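# Results of the structural survey
Chain by chain, the residues:
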Amino acid sequence: MTPTTIDLRSDTVTRPTHAMRTAMSAAEVGDDVYAEDPTLNALEAAAATRLGKEAALFVPSGTMANLVALLTHCQPGDEVLLGDQAHIVRAEVGGAARLGGLLLTTLPNAADGTMDPASIRAAARNANLHHPPTTLLALENTQNFCGGAVLTREQTEAQTAVATDLGLRTHLDGARIFNAQVATGTPAADLVATVHSASFCLSKGLSCPVGSLLCGDAEFIGRARRTRKLLGGGMRQAGILAAAGLVALDTMIDRLANDHRNARRLAAGLAERGFAIDPETVQSNIVALPLDDAPAWRDRLAQQGVRVSVLSPTTGRLVTHADLSEAHIDEALERIGQAGPVPV
Ligand code: TLP
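In this report, we go over the structure that sits alongside the text. The structure presented is a predicted model; accordingly, all values stated were derived computationally and were not measured.

Tallied over the entire structure, the rule returns two aromatic pairs. A ring pair is formed by Phe178 and Phe200, whose centres lie 5.0 Å apart and whose planes are at 75 degrees; its orientation type is edge-to-face. With Phe178 in helix H8 (residues 177-184) and Phe200 in strand S7 (residues 197-201), the pair connects residues that are 22 residues apart, well separated along the chain. A single burial state applies to Phe178 and to Phe200, both of which are buried. Directly above the aromatic system of Phe145 lies the positively charged group of Arg90, at a separation of 4.1 Å from the ring centroid.

What follows covers the pattern of salt bridges. Taken as a whole, this structure holds 16 salt bridges when the rule is applied. When the shortest N-O distance is used, the salt bridge between Arg121 and Asp165 registers 3.0 Å. Note that Arg121 is positioned in helix H6 (residues 117-123) and Asp165 in helix H7 (residues 153-166), a separation of 44 residues in sequence. Judged by its relative accessible area of 43%, Arg121 is partly exposed. Since its relative accessible area comes to 53%, Asp165 is described here as exposed. Put simply, Arg153 and Asp190 hold a salt bridge, and the shortest N to O gap is 3.6 Å. Residue Arg153 is located in helix H7, and its partner Asp190 is located in helix H9 (residues 188-191); the two are separated by 37 residues in the primary sequence. Relative accessible area serves as the criterion here: at 28%, Arg153 is assigned to the partly exposed category. Overall, Asp190 belongs to the partly exposed group, its relative accessible area being 30%. Through salt bridges with shared partners, a single network forms among Arg153, Glu157 and Asp190.

Basis of the calculations
- Residues numbered from 1 in each chain as written.
- Predicted model: local features only at pLDDT ≥ 70, side-chain atom pairs only at ≥ 80, totals over all residues.
- Heavy atoms only, no water.
- Phe/Tyr/Trp six-rings, centres within 6.5 Å; stacked < 30°, edge-to-face > 60°.
- Helix = DSSP H or I, 4+ residues; strand = E, 2+ residues; numbered from the N terminus.
- Buried < 20%, exposed > 50% of the residue type's maximum accessible area, 1.4 Å probe, protein only.
- Lys NZ or Arg CZ within 6 Å of the ring centre and 35° of its normal.
- Salt bridge = Lys/Arg side-chain N within 4 Å of Asp/Glu carboxyl O.

Structure follows, in structure tokens:
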């Protein structure tokens, strides 16, 4: 059976599994602002272990995880270097500037999601009286707006080595770091081994209703806890949410391989139907599709019961996830075919 609507807009549309709902209803809870929620404490410990860091902090969203990281690493007036396709600069309401007083300086992201290490070195400012202090380098893995591009451990290290050389702190937005783990076969802890902090989301491919984790050393996470409180992110019986997160870490990571296979299948079907996409370029669960008029195509597909999102006026985005089977992908392709000729 296929649903009436096939929703490829994002993996954020996934609903919690039955096991999550069961765990949530049975969760032992306490007041997390007093650090007394046993289920939340267990999730933070499990998250820190997964990412190979000393400690972790639960926050409501990926946006808050990045904002807490930036505000904890930097002082107002500092400069952050990051890719021009970084979610932090493209899709987080400019919060780092508005709430943190931070200057975000973008460097070109290559199609593979990386920044040229030489461009990082060239952009970092010296201690000249006229300059804002360059304090932080921010990376992203997988790189959403580069079509879910996966950074290998070596690619991350090439960028963080320059940062270390320049005395910069480093943060990695790992909203989909477990997609990168599954795509590369490299444990997430190794993928983020050379950054000071890394975040990941439970509420995307891992199907949880709410939540992200920020991981780092104990001293940093201690300060981040205060920043989270500043932003209004200190929650109380949040173990209800953490219970779903524990189920996700145990049961939802390895299955991401299905989503990656389905994304390739989708891209292959699109290529067969004349779209300008090479399925070999699809590395995780995101298909970035070149189009003549992406918003018009999105609207046309919506009438056929297929929902997609738009990355730019000439790029559509289709995301596979746990609520879509291979049969859904085939049905989506059928409907895409019915929607009419490819706009060129
Ligand atoms: N991404 C969402 C939209 O905001 C585009 C999506 O549908 O992909 N980092 C990365 C790399 C993300 O992709 C997202 C969400 C976030 C951070 C923010 O997470 P939330 O939505 O939990 O604040």
